[in-house]
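Observations on the model geometry
For reference, the chains in residue letters:
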Amino acid sequence: AMVKSRYFTKTQEFDGMPKVIDFKIVEEEIDDDLKDKEILGEAIYISVDPYTRYAVYYNVPPGAPIIGFQVIKVTKSKNPKYFVGEKIMVHGGWRTTCKVDDEQVWYKVDKISGIDTSVFVGALGMPGMTAYCGFLEICQPKEGETVFVNGCAGAVGNLVGQIAKIKGCKVIGCCGSDEKIKFAKSIGFDDVFNYKTCKDYPGILKKMAPNGVDCFFDNVGGRMSTDVLACMNVGGRISVCGAISAYNSKTLGQATMVQSYMARKQLLMRGFGVGQFKDKFPEALKHMIQWIQEGKLKIHETTTKGFENTPQAFIDMLSGGNIGKAVVKV
Ligand SMILES: NC(=O)c1ccc[n+]([C@@H]2O[C@H](COP(=O)([O-])OP(=O)(O)OC[C@H]3O[C@@H](n4cnc5c(N)ncnc54)[C@H](OP(=O)(O)O)[C@@H]3O)[C@@H](O)[C@H]2O)c1
């Protein structure tokens, strides 16, 4: 039989910051006759993430369904690993009903006491794996070291800060509002500043990290990120997670050259895509779940209700409207 689904597509290519009129809902009928290993499910939570804007990765052309992670409840399954009624985290796109194959499934959303389903698109989803693996694998933080995280109140950044505290580091952050500073301090950041209002970025960082920065987790990129290199210690490690300061701008941002700092301070700068750490996900999940249950890792989300508001939630996230993970409750 045919089942109804709705998905979002782009009406046109983005021009700068995305606008609500750049999106529209398309109604579709999906054949529920499944092939081997396929699963049909209804979306419960949809994730809105910066990479949807980052055309260098995945340019979804106008007309095509927009990609993204979601938690679905299985309504029909021809996959021996997943049963009707179970919840799974999948790369299913911005849609209400989806048919996915094995490759689009990340993992089962186990019933874990005290952990909400939405967390599986956040701390226990793609952003959580990004924070855990991207920080620990690349920065290799040691107890007592100083860590700096920009975008520190967002989905990935707030988790990196909390993981760094768990590892016994001193953690400095920066973000775009005073409300976010309050939030970051409430989850354990030692010191936080507002990059929009601070006049002397390297100056304030030097003051907050008088012993220098050993690990830098970069979500933002651009000139301010190069400023951080000036404050780094010899042997410092930089994990390049993203460059959100560039995603909505029409020109490439200007930054001072990095080579002189890199050579003089023997820095290691390494970029990553979370998928490269797939083998580490089970270990990462185990630790993240344990820390959440022990109360060491706090969960914070900004939730938008209603599938039709997914584009607005996405735009709000890109504009800094979210504290913690931006999620849509379908
Ligand atoms: N490498 C990977 O595999 C991977 C995986 C996931 C995410 N990422 C990257 O990680 C970063 C954070 O992603 P997320 O999901 O955690 O998003 P997020 O931080 O929850 O949301 C985006 C935040 O970026 C900040 N922002 C927007 N424009 C900015 C600008 N011009 N300069 C500085 N900050 C700006 C806003 O906070 P403020 O109010 O603080 O400005 C906004 O809340 C992104 O760069 C993303 O592409 C990479």
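A few points on the structure. Just so we're clear, the structure is a prediction, and the values are computed from it rather than from any experiment.

A separate point is the pairing of strand E11 (residues 213-218). Burial of E11 is extensive: 6 of the 6 residues sit out of reach of the surface. Note: strand E8 (residues 146-150) against E11, 3 bridges, orientation parallel. Paired with Phe148 across the two strands is Phe216, which belongs to E11. Pairing between E11 and strand E12 (residues 232-240): 5 bridges, direction parallel. Counterpart to Cys215 in the pairing with E12 is Arg237. The β-α-β motif built from E11, the intervening helix H5 (residues 223-229) and the parallel element E12 has right-handed crossover chirality.

In this fold, Thr52 is placed in the loop between strand E3 (39-47) and strand E4 (69-77). According to the relative accessible area criterion, Thr52 is buried, its value standing at 11%. In contact with Thr52, not counting residues within four places along its chain, are Phe14, Ile66, Ile67, Trp94 and Phe314.

It is worth spelling out the site of the ligand at this point. Around the ligand, a shell composed of 26 residues is seen, among which Lys180, Tyr195, Tyr247, Val274 and Asn322 lie nearest. With respect to the ligand, the backbone of Val156 contributes an N or O atom lying 2.7 Å from an oxygen atom. Computed on the free molecule, the ligand has an accessible area of 910 Å², of which 89% lies beneath the protein chains in the complex. Mapped by element, the contributors of at least two residues to the shell around the ligand are helix H1 (126-139), helix H2 (155-166), helix H6 (244-247) and helix H9 (310-318). Split by residue class, the shell around the ligand holds 15 nonpolar, 10 polar and 1 charged.

Glancing now at the nonpolar core. In terms of nonpolar packing, the biggest core is built from 57 residues, with Phe120, Leu124, Phe135, Ile163 and Met288 touching the most fellow members. Considering each element in turn, this core owes the most residues, 9 residues, to H1. Counting the residues that make up this core, at least three belong to each of domain 1 (2-122 + 299-329) and domain 2 (126-275). The residues touching Met288, leaving out its near neighbours within four places in the chain, are Ala123, Leu124, Gly128, Tyr132, Leu159, Ile163 and Leu297.

This part takes up the layout of surface pockets. Of the volumes computed, that of the second largest pocket is approximately 380 Å³. Surrounding the second largest pocket, 23 residues form its lining, Val220, Gly221, Gly222, Ala243 and Ala255 being those nearest its centre. Elements that contribute at least two residues to the lining of the second largest pocket include exactly E11, H5, E12 and H6. For the lining of the second largest pocket, the element with the most residues is H5, which contributes 3 residues. Residues that form the lining of the second largest pocket fall into these classes: 13 nonpolar, 9 polar and 1 charged.

Relative to the assigned elements, Asp22 resides in the loop between strand E1 (2-10) and strand E2 (23-31). For the buried residue Asp22, which engages in no salt bridge, the nearest side chain bearing the opposite charge is Lys19, 4.1 Å off. A polar atom in the side chain of Asp22 sits 2.8 Å from the backbone nitrogen of Lys19. The residues contacting Asp22, other than those within four sequence positions of it, are Thr9, Lys10, Thr11, Gln12 and Phe14.

What follows deals with the sheet that holds strand E9 (residues 170-175). Here 6 strands make up an open sheet; going across it, the order is E10-E9-E8-E11-E12-E13 and the pairing parallel. Here the strands that pair on one side only, and so sit at the sheet edges, are strand E10 (191-194) and strand E13 (268-271). The average undirected angle you get between the axes of adjacent strands in this sheet is 15 degrees. Here 5 bridges tie E8 to E9, and the two strands are oriented parallel to one another. Among the inter-strand pairings, Phe148 is bridged to a residue of E9, identified as Ile172.

Here the focus is H2. Across its 12 residues, H2 extends 17 Å between first and last C-alpha, which sits within 8% of the 16 Å expected from 1.5 Å per residue. Burial of H2 is extensive: 10 of the 12 residues sit out of reach of the surface. Among all positions in H2, only Ala155, Val156, Gly157, Asn158, Leu159, Val160, Gly161, Gln162, Ile163 and Ala164 are buried. Gly168 sits one or two positions beyond H2 and adopts a positive phi of about 85 degrees.

Our focus in this paragraph is the packing of aromatic side chains. In this structure the tally under the stated criterion is 20 aromatic pairs. Here the aromatic rings of Trp94 and Phe314 are separated by 5.3 Å at their centres, their planes lie at 70 degrees, and the arrangement is edge-to-face. With Trp94 in the loop between strand E5 (87-91) and strand E6 (97-100) and Phe314 in helix H9, this residue pair connects regions lying 220 residues apart in the sequence. The same class applies to Trp94 as to Phe314, namely buried. Feature note: the residues Phe8, Phe14, Phe23, Trp94, Phe307 and Phe314 constitute an aromatic cluster, connected by ring pairs. One residue, Lys10, lies across the ring of Phe14, its end atom 4.5 Å from the ring centre.

The rules behind the values
- Sequence order as written defines residue numbering, which begins from 1 separately in each chain.
- Local features in this predicted model are restricted to residues of pLDDT 70 or higher, and side-chain atom pairs are both shown and tallied only at a pLDDT of 80 or more, whereas totals for entire chains, interfaces and linings draw on every residue.
- To get the side-chain values, take all heavy atoms of the structure and skip hydrogens and water.
- Remark: exposure states derive from per-residue accessible area (1.4 Å probe, protein chains only) relative to the maximum for the residue type, with buried under 20%, exposed over 50%, and partly exposed in between.
- The numbering of helices and of strands both runs from the N terminus, where a helix is a DSSP run of H or I of at least 4 residues and a strand a run of E of at least 2.
- For two strands to pair, DSSP has to find at least two bridges joining them.
- With strands facing away from the observer, any crossover in which the path from the first strand over the helix to the second runs clockwise is taken as right-handed.
- Contacts: residue pairs with any heavy atoms within 4.5 Å of one another.
- By convention in this text, a residue qualifies as near a molecule or strand provided that one of its non-hydrogen atoms is within 4 Å of it.
- Whenever two N or O atoms come within 3.5 Å, that pair is a polar contact, provided that in protein one can donate a hydrogen and the other can accept it, and provided that, for residues adjacent in sequence, both atoms are side-chain atoms.
- Where accessible areas are quoted, they stem from the Shrake-Rupley method and a 1.4 Å probe; at the residue level, only the protein chains shown are allowed to cover.
- Side-chain classes follow a simple rule in which Ala, Val, Leu, Ile, Met, Phe, Trp, Tyr, Cys and Pro form the nonpolar group, Asp, Glu, Lys and Arg form the charged group, and the remainder, Gly included, forms the polar group.
- In this description, a nonpolar core means a group of buried Ala, Val, Leu, Ile, Met, Phe, Trp, Tyr and Cys residues linked to one another through side-chain atoms lying within 4.5 Å.
- Where each domain begins and ends follows an automated or database-derived domain assignment.
- Cavities and pockets are defined on a 1 Å grid built over the protein atoms alone: a cavity is a set of grid points where a 1.4 Å probe fits but cannot escape, while a pocket is an open set with protein on both sides within 12 Å along at least five of seven lines, and lining residues are those with an atom within 4 Å of any such point.
- Grid points are joined across faces, edges and corners, and a volume is the space filled by probe spheres set on the points.
- Counting rule applied: Lys, Arg positive; Asp, Glu negative; His and chain ends not counted.
- By definition, a salt bridge exists where a carboxyl oxygen of Asp or Glu is found within 4 Å of a side-chain nitrogen of Lys or Arg.
- Between the N-to-C directions of two axes lies an angle of 0 to 180 degrees, each axis being a line fitted to C-alpha atoms and, for a helix, fitted only over the stretch in contact.
- Given a helix with a known number of residues, its expected span is that number minus one, times 1.5 Å.
- A pair of aromatic rings is counted whenever rings of Phe, Tyr or Trp (Trp by its six-membered ring) have centres within 6.5 Å, and the orientation is called stacked for planes under 30 degrees apart, edge-to-face for over 60 and tilted otherwise.
- The rule for a charge over a ring is simple: NZ of Lys or CZ of Arg within 6 Å of the ring centre, and within 35 degrees of the ring normal.

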